[in-house]
Amino acid sequence: KANFAFYYSPEKELTNHEKYQTNYHEEFSSVKKKFHLGQRFGLGLSYKVKENIAANLDVNFEDEITDDNYIQTSSRFLQIGGGIEKIGNIDFLASFWERNSYRTGFYYRECGVKDLSGNEISELALTLGATIPLKSFSNAFLFSLQYCRRGDIDKNGASENVIRISFGFSGLELWGKKRGYY
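In what follows, the accompanying structure is described. (Residues numbered from 1 in each chain as written. Predicted model: local features only at pLDDT ≥ 70, side-chain atom pairs only at ≥ 80, totals over all residues. Heavy atoms only, no water.)

### A few points about the overall build of the chain
Heads up, the rule is: Only DSSP runs of H or I covering at least 4 residues are called helices, and only runs of E covering at least 2 are called strands; the numbering of each starts at the N terminus. Here, residues are in contact when the closest pair of their heavy atoms is within 4.5 Å. Areas reported here follow the Shrake-Rupley algorithm with a probe of radius 1.4 Å; residue values treat only the protein chains shown as occluding.
Counting secondary structure elements, the chain contains 2 helices and 12 strands. In the chain, of all internal contacts separated by at least 6 residues, the share reaching a separation of at least 24 is 45%. Only carbon and sulfur atoms are counted for the fraction: they give 57% of the accessible area of the chain, which is about 13,500 Å².

### Some words on the sheet that holds strand E11 (residues 140–150)
Convention followed: Here the rule is simple: two strands pair whenever DSSP picks up at least two bridges between them. For helices, the fitted line uses only the C-alpha atoms of the stretch in contact; every axis is such a line through C-alpha atoms, and the angle between N-to-C directions lies from 0 to 180 degrees.
Pairing within the open sheet is antiparallel, and its 8 strands lie in the order E1-E4-E5-E8-E9-E10-E11-E12. Strand pairing shows two members of the sheet lacking a second neighbour, strand E1 (2–9) and strand E12 (160–170), which therefore form its edges. Shown here is a sheet whose adjacent strand axes are inclined to one another by a mean of 10 degrees, direction ignored. Pairing of E11 with E12 involves 11 bridges; the strand directions are antiparallel. Looking at the pairing, Ala140 lines up with Ser170 of E12.

### Observations regarding the pattern of salt bridges
In plain terms, the rule: What counts as a salt bridge is simple: a side-chain nitrogen of Lys or Arg found within 4 Å of a carboxyl oxygen of Asp or Glu. Each residue is placed in one exposure class: buried if its accessible area under a 1.4 Å probe, protein chains only, is under 20% of its type's maximum, exposed if it is over 50%, and partly exposed if it falls in between.
Evaluated as defined, the whole model comprises 4 salt bridges. A salt bridge links Glu62 to Arg40; its shortest N-O distance comes to 3.8 Å. Placement of Glu62 in strand E5 (residues 53–62) and of Arg40 in strand E4 (residues 40–50) is noted, with a sequence separation of 22 residues between them. In this structure Glu62 comes out as partly exposed when scored by relative accessible area, which is 29%. By relative accessible area, Arg40 is classed as partly exposed at 35%. Salt-bridge contacts for Arg150 lead to Glu123; the nearest nitrogen and oxygen are separated by 2.6 Å. Of this pair, Arg150 sits in strand E11 while Glu123 sits in strand E10 (residues 120–133), placing them 27 residues apart in sequence. The network of salt bridges with shared partners includes Arg109, Glu123, Arg150 and Glu160.

### A closer look at the side chain of Asn156
What counts is decided by this rule: Counted as a polar contact is a pair of N or O atoms within 3.5 Å, where, for protein atoms, one must be capable of donating a hydrogen and the other of accepting one, and residues adjacent in sequence contribute only when both atoms are in side chains.
Tracing the backbone shows Asn156 in helix H2 (residues 153–156). For Asn156, a relative accessible area of 14% gives the class buried. One polar contact links the side chain of Asn156 to the main-chain carbonyl oxygen of Glu120, over a distance of 3.1 Å. With residues near it in sequence (within four places) discarded, Asn156 still touches Asp115, Asn119, Glu120, Ile121 and Gly151.

### Points about the pairing of E10
The two faces of the sheet receive side chains in turn, since in a regular strand these alternate between them. One ladder, built from 11 bridges, connects strand E9 (residues 101–114) with E10; its direction is antiparallel. Among the inter-strand pairings, Tyr107 is bridged to a residue of E10, identified as Ala125. Between E9 and E10, which pair antiparallel and follow one another directly, the connecting turn spans 5 residues, one of which, Gly118, has a positive phi of 90 degrees. The sheet contact formed by E10 and E11 spans 11 bridges and is antiparallel.

### With respect to the environment of Asp58
Here Asp58 is to be found in strand E5. Accessibility expressed as a relative area gives 35% for Asp58, which makes it partly exposed. Remark: the alpha-carbon pair of Asp58 and Ile80, spanning 22 residues in sequence, is separated by 5.8 Å. For Asp58, the contacting residues outside a window of four places in its chain are Leu43, Gly44, Leu45, Gln79, Ile80 and Gly81.

### Concerning the packing of aromatic side chains
How we decide: The criterion for an aromatic pair is that two Phe, Tyr or Trp rings (for Trp, the six-membered ring) have centres within 6.5 Å, with stacked assigned to planes under 30 degrees apart, edge-to-face to planes over 60 apart and tilted to the rest.
Tallying each qualifying case throughout the model produces 5 aromatic pairs. An aromatic cluster is built from Phe141, Phe143, Phe167 and Phe169, whose rings are joined through pairwise contacts.

### Comments concerning the side chain of Asn100
Its place among the elements puts Asn100 in the loop between helix H1 (96–99) and E9. With sequence-adjacent residues up to four places away left out, Asn100 is seen in contact with Lys86, Ile87, Gly88, Thr131, Ile132 and Pro133.

Written out as structure tokens, the structure reads:
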């Protein structure tokens, strides 16, 4: 089974009205500024390789943002990512480890930011994660670990390694559940 998604947002002009007040006058002066938002698009593909294994691929692109003088305020943004997931068994008799979902993936991203020399700063990351169902599959504890390398010492003059750990809860809703007073 495969799923495909696509989005597109055309170029758009936005107007921002800013008001300033000086210390010497009680009057406000209004400044009108326009921004040109470039087009954005993305696509994603998810494919169920086996009954409990899914793979995915995502691509996102945003064109640069310029102000009314066409001075660039943001560079182009590109992100390519992919991953594979072992989907947990929903059978309540399954062991703890079989009920969990595990995933691993990667992404490459051009951040939309430049260094002082005008070179794009990019990231390359490896991600790992798990979904641990709590009482039922509508409630789960989420965990993810990400190792990212941002920048290139030869190209950007600096680089950094980032480790990000995330925790979360999913669900905790009562949608579609019968109440005790029925």
